[in-house]
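Examination of the molecular architecture
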Amino acid sequence: LPTLQLVPAGVVFAPRFLYLPLLFGVPALGSLLRRVPDFLPGILIAVLLVGAWVRCGVYADAESYNRAILKHVPHDAAAFNELGLALEAKGFEDDAVVAWTTAVKRRPGYSRPWSNLGRIALAKGDLEDAARFFRHAVAAGPRNPVAHANLGTVLLRLERYAEAADAYEEATRIAPGMPAAWRGYGHALWKAGDPERALGALRRALTLAPDDALTKRLLEQVSASAR
């Protein structure tokens, strides 16, 4: 019955509600069913099976599921964000951007849709827009290392090397085990004219990801320039 989600209960809540708590209700349910006519449990199971078949159409995929949520909670920014991801996966990028834009309008302090908007702008080469979106993502999620690293990537491409280094440094402070942030930090430091610190950052990145070809290549370039 919880799996039917007559009102969407969320992809986390429904399974958790279904398993352990209902397991403890089995003895009581068994006792109840022994007191009803023998044909009634069969009818109940048949109704639930038909209901499940119908709900499979409503919740056919991530897009339809989140649209169903939005029918009940039309201002749910998280559902708009997830809807955008589902639309992007289907190739409807413009519709995804609309969903993420709606999400940030509903909840400006929600980091994820800002990051998604920045990611799309970066892929299109709209660097100024990407930087603006990622700054919003960082402001909304100051403890999100990916948002800081994404901002660093854009600033590096905009040749704002000192700002890029600051963004990457914050990412490494929050997530010391993130090799991509250390690699970006080293790259930005090198471009900012600090090859010695760049070498340290790149060596840390290589320690965390020994097989990363991009880090190895950058380390060779920085080492050669520092001689």
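For the structure, see preceding data.
These lines cover the structure that appears in this document, whether it is placed above or below. This one's a predicted model, so the numbers in the text were calculated from it and none came from an experiment.

Cut-offs and rules
Residues numbered from 1 in each chain as written. Predicted model: local features only at pLDDT ≥ 70, side-chain atom pairs only at ≥ 80, totals over all residues. Heavy atoms only, no water. Helix = DSSP H or I, 4+ residues; strand = E, 2+ residues; numbered from the N terminus. Rg over C-alpha atoms; globule rule 2.2 N^0.38 Å. Core = buried A, V, L, I, M, F, W, Y, C linked by side-chain atoms within 4.5 Å. Buried < 20%, exposed > 50% of the residue type's maximum accessible area, 1.4 Å probe, protein only. Contact = heavy atoms within 4.5 Å. Phe/Tyr/Trp six-rings, centres within 6.5 Å; stacked < 30°, edge-to-face > 60°. Lys NZ or Arg CZ within 6 Å of the ring centre and 35° of its normal. Polar contact = N/O pair within 3.5 Å; in protein donor to acceptor, adjacent residues only side chain to side chain. Patch = residues over 30% accessible without salt bridge, like charges linked within 9 Å, V, L, I, M, F, W, Y side chains within 5 Å. Areas by Shrake-Rupley, 256 points an atom, 1.4 Å probe, with all protein chains shown as cover. Salt bridge = Lys/Arg side-chain N within 4 Å of Asp/Glu carboxyl O. Axes fitted to C-alpha atoms, helices over the stretch in contact; angles between N-to-C directions. Left-handed = near helix turned anticlockwise from the far one by under 90°. Nonpolar A, V, L, I, M, F, W, Y, C, P; charged D, E, K, R; others polar.

Considering the overall build of the protein chain
Along the backbone of the protein chain there are 14 helices and 0 strands. When the elements of the protein chain are put in sequence order from the N terminus, they spell out α-α-α-α-α-α-α-α-α-α-α-α-α-α. The C-alpha radius of gyration computed for the protein chain amounts to 25 Å, which surpasses the reference 17 Å derived for 227 residues by more than 25%, pointing to a less compact arrangement than a globule. Once the C-alpha set of the protein chain is aligned to its principal axes, its extents read approximately 90 × 35 × 25 Å.

As for the nonpolar core
Counting residues in each nonpolar core, the largest one holds 54 residues, and the members touching the most others are Val154 and Tyr185. Tallying contributions element by element places helix H9 (residues 127-140) first for this core, with 7 residues. With residues near it in sequence (within four places) discarded, Val154 still touches Leu122, Leu127, Ala130, Ala131 and Phe134.

Notes on the packing of aromatic side chains
The full count for this structure, using the stated rule, is 2 aromatic pairs. Relative to Phe133, the ring of Trp114 has its centre 6.2 Å away and its plane inclined at 35 degrees; by these criteria the two rings are tilted. Note that Trp114 is positioned in helix H8 (residues 111-124) and Phe133 in helix H9, a separation of 19 residues in sequence. Assessed through its relative accessible area of 10%, Trp114 is described here as buried. On the basis of relative accessibility, which here comes to 14%, the residue Phe133 falls in the buried class. We note Arg107 situated over the ring of Tyr110; from NZ or CZ to the ring centre the distance is 4.3 Å. Arg132 extends its terminal NZ or CZ atom over the ring of Phe133, reaching a point 4.6 Å from the ring centre.

What to know about the side chain of Asn116
Relative to the assigned elements, Asn116 resides in helix H8. Given a relative accessible area of 10%, Asn116 falls into the buried group. A polar side-chain atom of Asn116 sits 3.0 Å from a polar atom in the side chain of Arg119. Those residues in contact with Asn116 that sit more than four places away from it in its chain are Asn81, Leu85 and Trp100.

Re a nonpolar patch on the surface
Side chains of Leu20, Leu23, Phe24 and Val26 sit close together on the surface and give an oily, nonpolar patch of about 470 Å² of accessible area. For the nonpolar patch, the element with the most residues is helix H2 (residues 20-24), which contributes 3 residues. Mapped onto the fold, Leu23 is located in helix H2. Taking the relative accessible area as the measure of exposure, Leu23 reaches 53% and is therefore exposed.

What to know about the side chain of Ser111
Inspection of the secondary structure assignment puts Ser111 in helix H8. Looking at Ser111, its side chain comes within polar contact range of the main-chain oxygen of Ala137, at 3.0 Å. Discounting chain neighbours no more than four positions away, the residues touching Ser111 are Ala137, Ala140, Gly141 and Asn144.

Examining the packing of helix H7 (residues 93-106) against H8
Viewed as axis vectors pointing N to C, H7 and H8 meet at an angle of 145 degrees, and their least axial separation amounts to 8 Å. You can see that H7 and H8 cross each other, and the crossing is left-handed. Taking contact as the criterion, the partners of Glu93, Asp94, Val97, Trp100, Thr101, Ala103 and Val104 in H7 are, on H8, Pro113, Trp114, Asn116, Leu117, Arg119, Ile120 and Lys124. Of the residues contributing to the contact of H7 with H8, the split by class is 8 nonpolar, 2 polar and 4 charged.

Points about unusual backbone geometry
Residues other than glycine seldom take positive phi values, yet Glu159 does so here, at roughly 65 degrees. Relative to the helices and strands, Glu159 resides in the loop between helix H10 (145-157) and helix H11 (161-174). Since its relative accessible area comes to 57%, Glu159 is described here as exposed.

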